Amino acid sequence: MGSSNVAMVCLLLVLCMVFVPSLATVYTVGDTSGWATGVDYSSWTKGKTFKVGDSLVFNYPTSHTVDEVSSSDYNTCTVGNSITTDNTGATTVALKTAGTHYFICGVFGHCGNGMKLAVKVESGSPSSSTDKPTTTTPSTTTTSTTKAPVDSSSSWSVSPFMAVVVTWVALFVMVIS
Ligand SMILES: [Cu+2]
């Protein structure tokens, strides 16, 4: 019985390791519509809870940009004062600080046609402190670019699969011990 208890403890530890990183959510802005004119991003954010450690993925043709701006520039659709800007077509923005973050397209007229996104980020950390100690700099957000568009479901589909594999391995260990 002693060895099966050890196996059970190992199982629980590994399950924790598998599930904890998946609590940080990757949101694909606009889902299949992506980052484009004519999309209502205020209804896209409705019902979603954004937390520090989550990230946003913007997918768009390179005729658009992703600019983080101040609340006043967001409200007035003022381009040219952006805090960060990117136009690679696939922009990942890590939400590192609580508060509301504002994004618009920097192409004149596009913000007025709907390309404006306000995301209210809650401080309730997705227990990101327990995984990799990512010595976070106190900057607002960092903009990194990824070549391949990241699917919003990717962070959720991998971990449960790993959990199933790990569970079977642990059960196997318990049976043979
Ligand atoms: Cu645009």
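Residues numbered from 1 in each chain as written. Predicted model: local features only at pLDDT ≥ 70, side-chain atom pairs only at ≥ 80, totals over all residues. Heavy atoms only, no water.

Novice: What is the right way to read the nonpolar core from this model?
Specialist: Most often, soluble globular proteins have nonpolar side chains that are buried together. In terms of nonpolar packing, the biggest core is built from 20 residues, with Val 29, Trp 35, Phe 50, Leu 56, Phe 58 and Leu 117 touching the most fellow members. For this core, the elements supplying multiple residues, two or more each, are α2 (41–45), β3 (55–59), β6 (90–95) and β8 (116–122). With three residues, the single largest contributor to this core is β8. Non-local contacts of Leu 117, meaning those with residues more than four positions away in its chain, are made with Val 29, Trp 35, Tyr 41, Trp 44, Thr 45, Leu 56, Phe 58, Tyr 74, His 101, Tyr 102 and Phe 103. Core analysis: the next-biggest nonpolar cluster, separate from the first, contains five residues, Val 69, Tyr 74, Tyr 102 and Cys 111 among them. (Core = buried A, V, L, I, M, F, W, Y, C linked by side-chain atoms within 4.5 Å. Buried < 20%, exposed > 50% of the residue type's maximum accessible area, 1.4 Å probe, protein only. Helix = DSSP H or I, 4+ residues; strand = E, 2+ residues; numbered from the N terminus. Contact = heavy atoms within 4.5 Å.)

Novice: Would you take a moment to explain the environment of Ala 36 for this structure?
Specialist: Looking at the element boundaries, Ala 36 is found in the loop between β1 (26–28) and α2. Expressed as a C-alpha distance, the spacing of Ala 36 and Phe 58, which sit 22 residues apart in the sequence, is 9.5 Å.

Novice: Can you help me understand unusual backbone geometry in this one?
Specialist: For residues besides glycine, phi is generally negative; the peptide bonds are generally trans as well. A positive phi angle, close to 50°, is found at Asp 31, a residue other than glycine. Mapped onto the elements of the fold, Asp 31 is located in the loop between β1 and α2. Among the residues examined, Asp 31 registers a relative accessible area of 39% and is labelled partly exposed. For Cys 77, which is not a glycine, the phi torsion comes out positive at approximately 55°.

Taken by themselves, the reported measurements are silent on function.
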